[in-house]
Amino acid sequence: MMPTQANVPQMKNSNLPRESYVFILASLVNSVGSALMWPLTTIYVHNVLLKSYGDAGLALFFQSLASVLGQVVGGALYQRIGAKRLIVWSLVLTGLAQLCLLVAKDWVPYVVAMTINGFLIAVTMPAVNAFIGFRWPDHRVRLFNAVYVSNNVGVAIGTTLAGILAAVSFNLTFLFNSLTTLGFALFFWWFMRRMKADDLHQWSKGLMTQRDTGIGILLKNYRAYLFVGAGCMLVFLSTSAWNSGVAPYLNQEGHSPATYSFLWTINGLIILVGQPVTTLLNRTVTRALPARLVSSALLYGAAFLLVLIVHTRYSYLVIGMVIATLGEMQISPTIPAFITQTMGRSAPFYLGLIGGFGSVGRLIGPVLFGNLFDHAGLSPILLVATLATLTAAGIFSFQKRRPRSAHRASNAA
């Protein structure tokens, strides 16, 4: 039976568990480090490695290709080796891969290091989301949103520092990113070590039986992942327009890297101060979790359409980022909440699978948009992004009519 009140579980206590606040703080620190590197990838490849914007898209393509595999592998390994070993060791290896960027000064070593980095980060993602969903099941919707907000406070801080540090040396961004990732690994080791054995068994007991569930059976239940996954793929394809369209456009127009970083600072700040807006929206219009996915795609579409019309003025890029951020605030915490809430013991697998779909979008976007920019500029990129998000809204609308049957099928699996 699906939870009542528009798929949102009712909580006896409105306060988050005390131990979750430590987790939220650690996520914030980790996100500060991560945000130092990824917004400037396109500019680094073009300005430091002296490659074309199409080549920058190719680097992001290989990173996203590895991320597709990493998401699926991470979801499958969760039941095989356990959350502690998977999360801690994947984070340790990710931190070491990020250190390799300090010496990867040529094109091929850089692409290899970024590809490995993309795979390892992706392995961690479904594991961390599944951990949150199963560790605090009565608070998962609010906690996913709290972690999302804290991560983006870190993004606001990190992207502000990114342009400043990059102006001195890109090596500083790589080093700080690695140190925060290794620190996050140490935190998880400490956090899980403190958990009682009974607690560990309690939040993972429902996962044990999935070892006997074949991947073929899980894949056959396409209603559990296909519509959400396809919609996410199109949405995340469209978001590549910022890194592979807006970033080179601003660079071409003579703006400094800090100008582009400021857009992501705005993104983080809106996520923080815009919570009352999305809370009101979710209480009145998008009470069901699938409806939030639809509204997300529509907001993204409105943002890209606005920027398509008036992208020559920087102020409208800022407005477009504000609208797109509201769309992001709808989709990012909703995906893990929806999957862990409806897919039962199969949730980690589907988190990885749907994450893989999203990574396909991130894989296609940079290559498509990088080459579009090289040959035709920014406008075609924004047109494709607008059409992709509107198509995603239609796909999410179909999922909105299917959650109950998908949930039953998942439990049967």
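Conventions adopted
Residues numbered from 1 in each chain as written. Predicted model: local features only at pLDDT ≥ 70, side-chain atom pairs only at ≥ 80, totals over all residues. Heavy atoms only, no water. Helix = DSSP H or I, 4+ residues; strand = E, 2+ residues; numbered from the N terminus. Contact = heavy atoms within 4.5 Å. Areas by Shrake-Rupley, 256 points an atom, 1.4 Å probe, with all protein chains shown as cover. Core = buried A, V, L, I, M, F, W, Y, C linked by side-chain atoms within 4.5 Å. Buried < 20%, exposed > 50% of the residue type's maximum accessible area, 1.4 Å probe, protein only. Axes fitted to C-alpha atoms, helices over the stretch in contact; angles between N-to-C directions. Parallel < 35°, antiparallel > 145°, perpendicular 65-115°, else oblique. Left-handed = near helix turned anticlockwise from the far one by under 90°. Nonpolar A, V, L, I, M, F, W, Y, C, P; charged D, E, K, R; others polar.

1. Considerations on the overall build of the chain
Now for step 1: In terms of helices and strands, the chain carries 19 helices and zero strands.
Now for step 2: Partitioning the contacts of the chain with sequence separation of at least 6, the portion at a separation of at least 24 is 86%.
Now for step 3: In the form shown here, the chain has an accessible surface area of approximately 16800 Å², with 66% of it arising from carbon and sulfur atoms.

2. Focus: the nonpolar core
Now for step 1: Counting 90 residues, the largest nonpolar core has F188 and W242 as its most contacted members.
Now for step 2: Here this core gets twelve residues from one element, more than from any other, and that element is helix α11 (residues 226-252).
Now for step 3: Those residues in contact with F188, other than ones at most four positions away along the chain, are F23, I87, V88, L91, V128 and F131.
Now for step 4: Membership of the second largest hydrophobic core comes to 18 residues, among which are A56, A104, Y110 and M114.

3. Observations regarding the packing of helix α5 (residues 83-100) against helix α8 (residues 170-194)
Now for step 1: In the contact formed by α5 and α8, the axes pass within 8 Å of each other and the chain directions differ by 165°. Compared by their axis directions, α5 and α8 come out roughly antiparallel. Note on packing geometry: the crossing formed by α5 with α8 is left-handed. Contacts between α5 and α8 involve A83, K84, I87, V88, L91, V92, T94, G95, L96, Q98 and L99 from the first element and F174, L175, N177, S178, T181, L182, F184, A185, F188, W189, M192 and R193 from the second.
Now for step 2: In terms of residue class, the contact of α5 with α8 is built from 15 nonpolar, six polar and two charged.

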